[in-house]
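Read off the chains here:
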Amino acid sequence: MERIVRILCCLSLLAAVPAAAAPEKVSDGVVKIGVLTDMTGYYSDLAGPGSVLAAEMAVADFGGKLLGKPIVVISADHQNKADIASNTARKWFDEEKVDVIADLVSSSTAGAVMPVAAEKKRITLLSGPGTTAFTGEKCTPYNVHYTYDNWALANGTGREVVQQGGDSWFFVTADYVFGKSLEEDTANVVKAAGGKVLGAARHPSPGTTDFSSYLLQAQASGAKIIGLANAGADTVNCIKQANEFGITPKQSLAGLLVFITDIHSLGLQTAKGMYLTTAFYWDLNDDTRKWSKRFLEKHKKMPTMVHAGVYSAVLHYLQAAKAAGTDGSDAVIAKMKATPVNDFFAKGTRIGPDGLHRHPMYLARVKAPSESKGPWDYYQIVKTIPPDQAFPSVEAQKCPLVKK
């Protein structure tokens, strides 16, 4: 009898252990999404406040809660400085308990944050940077390169321009990892398509406002195509100054990373006829138009591909966490890779084992003013590039995490 009493006492003590002792499905009782971007500088127009809005829209459309716990979006300006980006990320992870960081426009900042996130086992969702190595030799278990990469831009624009007769190139390149990577990827495509690369001029970025010496080198080369391996305000200023110097009637420009906000700043008269490759255009179909008009009402500008990518990546993250039943990074990243993306940005597409989201890309030509039917009607979609042609294969990426 005494033994039975002891057993009953033990059972009652076990039953009294609070349920809180079990691991929480949502760590810290809140899901925290950090948007780390350029809020005031060269890339603020194509990312910046619009990326924060896109993340907030994704959270609202998801319902504002995950597994009964609130979802919070915070943001910070990395000022396009790698040390500020990495320090902010570390503080977010250690003190703010941020679960995932989105956007990270500029490759230098993304490259600084990814190792910190991997160390802390937190997820990064890259929408703004383009460096191909982020899902190649620099891949991490917790990174997703979501919207575009330099390989996709180079293949989309470089190959088409060579096929149109632009078989000699000179590059004006931003002198940091993104620009050099974009130049290298495009040069390889141009050569593979039968073209020639006559040289390159590299400018400091950000901070350069006078591109005359670089453009004059391009002009002196005699190349048919001047490839602009830069982004944001650098690209806009290059195109404006090339027109002012009278370069464009004799040589053509190829914008290797051009956003709809750039075209808006330039005007169709200046940008008309330019080819570019994009992951998103607001006027693709009914779904893109519906979402983009909601964004326009709030932001007063149409979304860039970075903005659309931030929305889609954050929504896919939240859907994966819901399906996994936890916000634990290992479970969520596995579910993100196992589950197809299905929204206005991409339908039935997949994130590979290397972390690269392979989806259609679009070759576009900038319309002339006479072709535009209204505000923001800037692109004619020339070609839809399927995922297996738009992005490098898993094997080609050589991500050390991927088993052969």
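Small disclaimer: the values here were computed from a predicted structure and weren't measured.

Engineer: Run through the pairing of strand β5 (residues 123-126), naming residues and quoting values.
Structural biologist: Residues Ile 123 and Leu 125 point to one face of β5 and Thr 124 and Leu 126 to the other, with burial holding for every one of them. Assessed by its sense of winding, the connection that carries the chain from strand β4 (residues 100-103) through helix α4 (residues 107-120) to β5 is right-handed.

Engineer: Any details on the sheet that holds strand β7 (residues 168-174)? Residues and values, ideally.
Structural biologist: Pairing within the open sheet is parallel, and its four strands lie in the order β8-β7-β9-β10. Strands with a single pairing partner mark the edges of an open sheet, and in this sheet they are β8 (196-203) and β10 (252-255). Taking the axes of each pair of neighbouring strands and ignoring which way they run, one obtains an average angle of 25° across the sheet. Note: strand β9 (residues 225-229) against β10, four bridges, orientation parallel. Residue Leu 228 lies in a different strand from β10, and its bridge partner there is Gly 255. The strands touched by helix α5 (residues 150-163) are β7, β9 and β10; relative to β7, the strand with the most contacts, the crossing angle is about 155°. Packed onto the sheet, helix α6 (residues 177-192) meets β7, β8 and β9 and runs at close to 170° relative to β7.

Engineer: Hey, could you go over the sheet that holds strand β12 (residues 341-342) for me, with residue numbers and the actual values?
Structural biologist: Here we have three strands laid out as an open sheet, ordered β12-β13-β14, and antiparallel in their pairing. Since the sheet does not close on itself, it has two edges, and those belong to β12 and β14 (357-358), each with one partner. As paired elements, strand β13 (residues 347-351) and β14 share two bridges and run antiparallel to each other. Bridge assignment links Arg 350 to a residue of β14, and that residue is Arg 358.

Engineer: I'd like a description of α4, backed by residues and values.
Structural biologist: Taking 1.5 Å as the rise per residue, α4 with 14 residues should run 20 Å; its terminal C-alpha atoms sit 20 Å apart, in good agreement. Along α4, the positions that sit buried rather than exposed are Ser 107, Thr 109, Ala 110, Ala 112, Val 113, Met 114, Val 116 and Ala 117. Residues of α4 that are buried sit in contact with β1 (31-37), α3 (82-96), β4, β5, β6 (143-145) and α6. Looking one or two residues past α4, Lys 121 carries a phi angle of roughly 60°, positive in sign.

Engineer: Residues and numbers for unusual backbone geometry, please.
Structural biologist: Positioned with a positive phi, Gln 79 is a non-glycine residue whose angle comes to about 60°. As for its placement among the helices and strands, Gln 79 is situated in the loop between β3 (69-77) and α3. For Lys 398, which is not glycine, the phi dihedral falls at a positive 60°.

Engineer: Tell me about the environment of Lys 335, and name the residues and values.
Structural biologist: Position of Lys 335 relative to the elements: it lies in helix α13 (residues 329-338). Spatially, the C-alpha atom of Lys 335 lies 35 Å from that of Asn 188, the residues being 147 residues apart in sequence. What Lys 335 contacts, discounting residues up to four positions off in sequence, is Ala 320, Ala 323 and Ala 324.

Engineer: Can you explain the pattern of salt bridges? Please cite residues and give values.
Structural biologist: As a working rule, side chains carrying opposite charge can pair if their charged atoms are close by. Under the criterion given, the structure shown has 16 salt bridges. One salt bridge connects Arg 90 with Glu 119, and the closest N-O pair in it is separated by 3.4 Å. Of this pair, Arg 90 sits in helix α3 while Glu 119 sits in helix α4; the two residues are 29 residues apart in sequence, bridging distant segments of the chain. Residue Arg 90 is classed as partly exposed on the basis of its relative accessible area of 31%. A salt bridge links Lys 383 to Glu 160; the nearest nitrogen and oxygen atoms lie 3.4 Å apart. Taken together, the residues Lys 383 in strand β16 (residues 379-385) and Glu 160 in helix α5 connect sequence positions 223 residues apart. Residue classification places Lys 383 among the partly exposed residues on the basis of a relative accessible area of 39%. Classification of Glu 160 as buried rests on a relative accessible area of 8%. A single salt-bridge network, built from bridges that share partners, covers Arg 90, Asp 94, Glu 119 and Lys 120.

Engineer: Can you lay out the nonpolar core for me, pointing to particular residues and giving the numbers?
Structural biologist: The biggest cluster of nonpolar side chains holds 107 residues, and the ones touching the most others in it are Leu 125 and Val 314. In terms of residue count, the dominant contributor to this core is helix α12 (residues 305-324) (12 residues). Discounting residues that sit within four places of it in the chain, Val 314 has contacts with Ile 33, Ala 55, Ala 58, Val 59, Ala 102 and Leu 125. Counting 17 residues, the second-largest nonpolar core is a separate cluster that includes Ala 89, Val 98, Ala 110 and Met 114.

Engineer: Can you break down the pairing of β8 residue by residue, with the values?
Structural biologist: Sheet topology places β7 next to β8; seven bridges connect them, and they run parallel. The residue bridging Val 172 from the neighbouring strand is Ala 201, located in β8. In this fold, β7 hands off to α6, which returns the chain to β8; that crossover is right-handed.

Engineer: An account of the confidence of the model for the protein is requested, with residue identities and associated values reported.
Structural biologist: Overall, the prediction assigns the protein a mean pLDDT of 92, with 94% of residues at 70 or greater. Low pLDDT, under 50, characterises residues 1-5; the stretch is placed with zero contacts to residues that sit more than four places away or in other chains. In this model residues 7-22 is a low-confidence stretch, pLDDT under 50, and it forms zero contacts with partners more than four residues away in sequence or in other chains.

Engineer: Now, about the packing of helix α2 (residues 48-62) against helix α11 (residues 286-299): what can you tell me, with residues and values included?
Structural biologist: Relative to each other, α2 and α11 sit at 125°, their axes nearing to 11 Å. Between α2 and α11, the interaxial angle falls into the category oblique. Both α2 and α11 take part in a crossing whose hand is right-handed. Residues Pro 49, Gly 50, Leu 53, Ala 54, Met 57 and Asp 61 of α2 pack against Trp 291, Arg 294, Phe 295, Lys 298 and His 299 of α11. Its residues assigned to classes, the contact of α2 with α11 comprises six nonpolar, two polar and three charged.

Conventions we followed
- Residues numbered from 1 in each chain as written.
- Predicted model: local features only at pLDDT ≥ 70, side-chain atom pairs only at ≥ 80, totals over all residues.
- Heavy atoms only, no water.
- Buried < 20%, exposed > 50% of the residue type's maximum accessible area, 1.4 Å probe, protein only.
- Helix = DSSP H or I, 4+ residues; strand = E, 2+ residues; numbered from the N terminus.
- Right-handed = clockwise from strand over helix to strand, strands pointing away.
- Pairing = 2+ DSSP bridges.
- Axes fitted to C-alpha atoms, helices over the stretch in contact; angles between N-to-C directions.
- Contact = heavy atoms within 4.5 Å.
- Expected span 1.5 Å × (residues − 1).
- Salt bridge = Lys/Arg side-chain N within 4 Å of Asp/Glu carboxyl O.
- Core = buried A, V, L, I, M, F, W, Y, C linked by side-chain atoms within 4.5 Å.
- pLDDT = per-residue confidence, 0-100.
- Parallel < 35°, antiparallel > 145°, perpendicular 65-115°, else oblique.
- Left-handed = near helix turned anticlockwise from the far one by under 90°.
- Nonpolar A, V, L, I, M, F, W, Y, C, P; charged D, E, K, R; others polar.

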